[in-house]
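Observations on chain architecture
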Amino acid sequence: MIESDTAVKTEHRYANWTRAEPIALAYFFVSIVYIFATNFLIYLIPVVVLQRETLTANGAFVGVLTSVLIVFFAVLALIKFWFYQFKLGENRIEIKQGIFKKSHLDLPFEKIQNVKIEQPLYYRLNQYAMVELETAGSVGSEARIVAMNLEEAHTFKTQVMLFQKEAPAINKADTQESTLESNKEVLLNTRTITDLIIHGITNNRVWIFFGAAAPFYNTFVDSFSQILTIVGFDITQYLDYASLSLAMFLLHVLSLFMFTMLLLVAFSVIASLFVFYKFRLSRLDDKYIRRSGLINKQEISLKKSRIQHAVQQQDWLDIIINRANLKLAQNSAGLPGDQTSLNSTNKLVVPSITPRQSNSLIEDVFNFNGINEVAFLPVSKRIIMRYLLFPILPILIVLLAIVLSVQATLGIWFGYITICIVLVSLAIVRWYRWGYFIKGDHIVIRKGLFGKDIHIFNRHKTQQIKLAQTIFMRKYKKASVRFVLASSAHLIPYIDDQIALSMLDETLLTLERDKPAWM
Amino acid sequence: MAFTNAILSTSDLSISSINFTSLSQAYLALELKICASSTMALMLVFVVLGFESFIEMPEGSVAALPWAIIGSFVLGAIIFLYIMLAFPKKGYAVREHDLNYTSGLLFQMHVCQPILRIQHIEIKRGPLERKVGLASLYVYSAGGVQHTFAIPGLAYDTATRLRSFILEHRDLQKEETENDRRDD
């Protein structure tokens, strides 16, 4: 248990109300500046761009204003730091913070769902870390120890995790597993740089980059065209297509497009390296732990029993090169923050693995063999009809109206018919991708269009079930079932209504009779 | 504790054999009244716009006003008719271990909420609902707010009785004593 020296020291050291390490000043300062920049400064960008001359003329004033602001922020950071105190008890943590709006958080360890250790760049010099505590119902409440010695942070984490293990096991499967406690971390997966480059190419991770760079778009575009002018490339002349033949124009558009794509892919690869550098997925007893990151190192752990569903995602490029992303998702209701972010703790992403690796990870998590060899059952072809009625028919009608309103040449009609054929074949492909498979407690659903997603979940974790049937579907005895899990809802559309009904009844029966836990 | 549901035959366990209780007639009346009065209000706005001279009307819009009045009447009538026809399709049922709600004229939906998975319950009453003694029951699971199980148009005392039935249900009692993961 917690018998190591550091643990005892930790308890002793934080047993009374303590302020965070002085490095936390940097944290408070950065967060204040960040809030200021994202809530206020970005709206000033147009002003800055328009009034550039006025600003440069009054350089001294701008300088003074900036330094006054910086001093103000520093003082604010100091006050925030002063009012931030925390206390570690044997089984709970208390945090007091706030200047005007004071808050006192009292969090028992057993309610902590996740402990996330983060190291922003400026913490890495002295081996400090920030500890974020997540609970199931914490909506927007800030539970974080802003600065702690890295070693202490890890000890603290172990302490909380140990506490969770002592809490009564609620799942039968869990109890069995925890009797086999080994306390040894098993490495499940690592990613090499090559894997990450592949990941960057196949997955558009550009938005991570662009999301972070959003305040600087204008500057970027400005300086980009400046650079081009310097190297003797006049973009306006380049795009002055009145003086070019159509073929030349198309060629230019194509080359510009290729150039942009290349740039995007490069950014995407960089972003992928930033997030997943030195990726390690390991298992410690019933917890999955992901560690990665180039500048901001991240550690996310996820308790096995809390995983609600897994999804193996492949887009068309992934299918060609035989790679897939695996996401393990946990309870997402009521969790604050950006749910789509790669860094969010409610999902654990394993980037660009081979289907074989995916098979073995899913087997480890779900006890399900061969996710990529499943013989899926198709859904009814009537779903194609449904896609044709909506959204394809409205699109085609609108397009037809446009075609009729202009003096349509043969070429335009040809184009229109091509669009019709493409849309109809998309509907057929979409139907072809749908598939479902049920075996015991497991439900596996395949869907997609160009890409292919395979979802797997245990149906005993269902929160709510919905059965839907339109009057057209009733005529052909088809129905759609939706399993609502704590992570997301999973739809199986257009299957025989008897199958849907028995699926639903069976799930309800096991759920209500055996009362299995979902967390 | 023995599981009493087990002695029933499977066909009785199926949700297809549920007899739904329809919603309160007062709810239908309220919905129809709201529809009729808002349609009338909209038509009145157009009529007033046609006769007043305070606001400068854009060119040609006066000619469109009769059509707007007719349009809003037709739309109101369609919604009125839809409410009338859809009402008999709405219903709820409480079984030993789950709550059920069905609705939909063209798109029929059956939602089943096992009581075991309920996180918390809320009774909501708007000012109009209060006036006619109605209430809506909202049941939240960990499935998230967008999958809230809701039964509208219940008589207030039915709603409170339902709430206490759910709160006293042994599946939820069990969770309390296990004290594993409540967050409130």
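Scroll up to find the structure this text is about.
The notes below deal with the structure included here.

Basis of the calculations
Residues numbered from 1 in each chain as written. Chains lettered and ligands numbered in written order. Predicted model: local features only at pLDDT ≥ 70, side-chain atom pairs only at ≥ 80, totals over all residues. Helix = DSSP H or I, 4+ residues; strand = E, 2+ residues; numbered from the N terminus. Buried ≥ 20, exposed ≤ 12 C-beta atoms within 10 Å, placed from the backbone. Contact = placed C-beta atoms within 7 Å. Core = buried A, V, L, I, M, F, W, Y, C linked by C-beta atoms within 7 Å. Expected span 1.5 Å × (residues − 1). Bend = angle between axes of the 7 residues up to and from the residue. Pairing = 2+ DSSP bridges. Axes fitted to C-alpha atoms, helices over the stretch in contact; angles between N-to-C directions. Parallel < 35°, antiparallel > 145°, perpendicular 65-115°, else oblique. Left-handed = near helix turned anticlockwise from the far one by under 90°. Nonpolar A, V, L, I, M, F, W, Y, C, P; charged D, E, K, R; others polar.

The next point concerns the overall build of chain A. Across its full length, chain A holds 17 helices and 20 strands. Burial status across chain A gives 30% buried among its 519 residues. Partitioning the contacts of chain A with sequence separation of at least 6, the portion at a separation of at least 24 is 60%.

Attention now moves to the nonpolar core. Soluble globular proteins tend to bury their nonpolar side chains together. Counting 75 residues, the largest nonpolar core has A310(A), L328(A), I456(A), V481(A) and L504(A) as its most contacted members. Not counting the four nearest positions on each side in its chain, L504(A) is found in contact with I465(A), L467(A), V481(A), I15(B) and C112(B). By size, the runner-up hydrophobic cluster in this structure holds 29 residues, among which are F28(A), L88(A), I93(A) and F109(A).

Turning our attention to helix 14 (residues 382-405) of chain A. With 24 residues, helix 14 of chain A extends 33 Å from end C-alpha to end C-alpha; this agrees with the ideal 34 Å at 1.5 Å per step. Along helix 14 of chain A, the sharpest change in direction is near 50 degrees and occurs at I392(A); proline P394(A) comes one to four residues later.

Okay, the environment of L377(A) next. Residues and elements named next belong to chain A. On the secondary structure map, L377 appears in the loop between helix 13 (355-366) and helix 14. Of the residues examined, L377 has 14 C-beta atoms within 10 Å and is grouped as partly exposed. Along the primary structure L377 and I438 are separated by 61 residues, whereas in three dimensions their C-alpha atoms are 9.1 Å apart. Residues contacting L377, with those up to four places away along its chain left out, are G435, Y436 and F437.

The subject of this paragraph is the pairing of strand 4 (residues 103-108) of chain A. Residues and elements named next belong to chain A. With zero of six residues buried, strand 4 is to be regarded as a mostly surface element. With six bridges joining them, strand 3 (residues 92-97) and strand 4 adopt antiparallel strand pairing. Opposite I95, over in strand 4, you have L105 as the bridge partner. Linking strand 3 back to strand 4 in an antiparallel pair, the connection comprises five residues, with G98 at a positive phi of about 105 degrees.

All names here are of chain A. Running from N to C, helix 2 (residues 24-50) and helix 4 (residues 59-83) cross one another at 125 degrees; their axes reach a closest spacing of 8 Å. When the interaxial angle is binned, helix 2 and helix 4 end up oblique. For the pair helix 2 and helix 4, the sense of crossing is right-handed. On helix 4, the residues that touch A24, L25, F28, F29, I32 and V33 of helix 2 are F73, A74, L76, A77, L78, K80 and F81. Residue composition of the contact of helix 2 with helix 4, grouped by class: twelve nonpolar, no polar and one charged.

We now examine the sheet that holds strand 16 (residues 442-447) of chain A. Strands belonging to one sheet form pairs held by backbone hydrogen bonds; the direction of such a pair is parallel or antiparallel. Residues and elements named next belong to chain A. The strand order across the open sheet built from six strands is 14-13-12-17-16-15, with neighbouring strands paired in antiparallel fashion. Two strands close off the open sheet at either side, each with one partner strand: strand 14 (347-353) and strand 15 (435-439). Ignoring which end each strand starts from, the neighbouring axes of this sheet average 15 degrees apart. As defined by bridge partners, strand 16 adjoins strand 17 (residues 452-458) across six bridges and the pair is classed as antiparallel. Each bridged residue has a counterpart across the sheet, and for R446 the counterpart in strand 17 is I454.

Next up on the list: the packing of helix 14 of chain A against helix 15 (residues 410-433) of chain A. All names here are of chain A. Helix 15 packs onto helix 14 with a crossing angle of 165 degrees between their chain directions and a minimal axis gap of 9 Å. Regarding the angle of helix 14 to helix 15, the classification is roughly antiparallel. Helix-helix and strand crossings are classified by hand; for helix 14 and helix 15 the assignment is right-handed. Facing helix 14, whose interface residues are I383, I384, Y387, L388, I392, I395, L396, L399 and V403, helix 15 presents I412, W413, Y416, I419, C420, L423, V424, A427, I428, R430 and W431.

Turning our eyes to something else, we now look at the sheet that holds strand 1 (residues 18-19) of chain A. Residues and elements named next belong to chain A. Spatially, 1-2-3-4 is the arrangement adopted by the four strands of the open sheet, whose pairing is antiparallel. Strands with a single pairing partner mark the edges of an open sheet, and in this sheet they are strand 1 and strand 4. Note that strand 1 and strand 2 (residues 85-88) share two bridges and pair antiparallel. Bridge pairing links T18 to F86 in strand 2.

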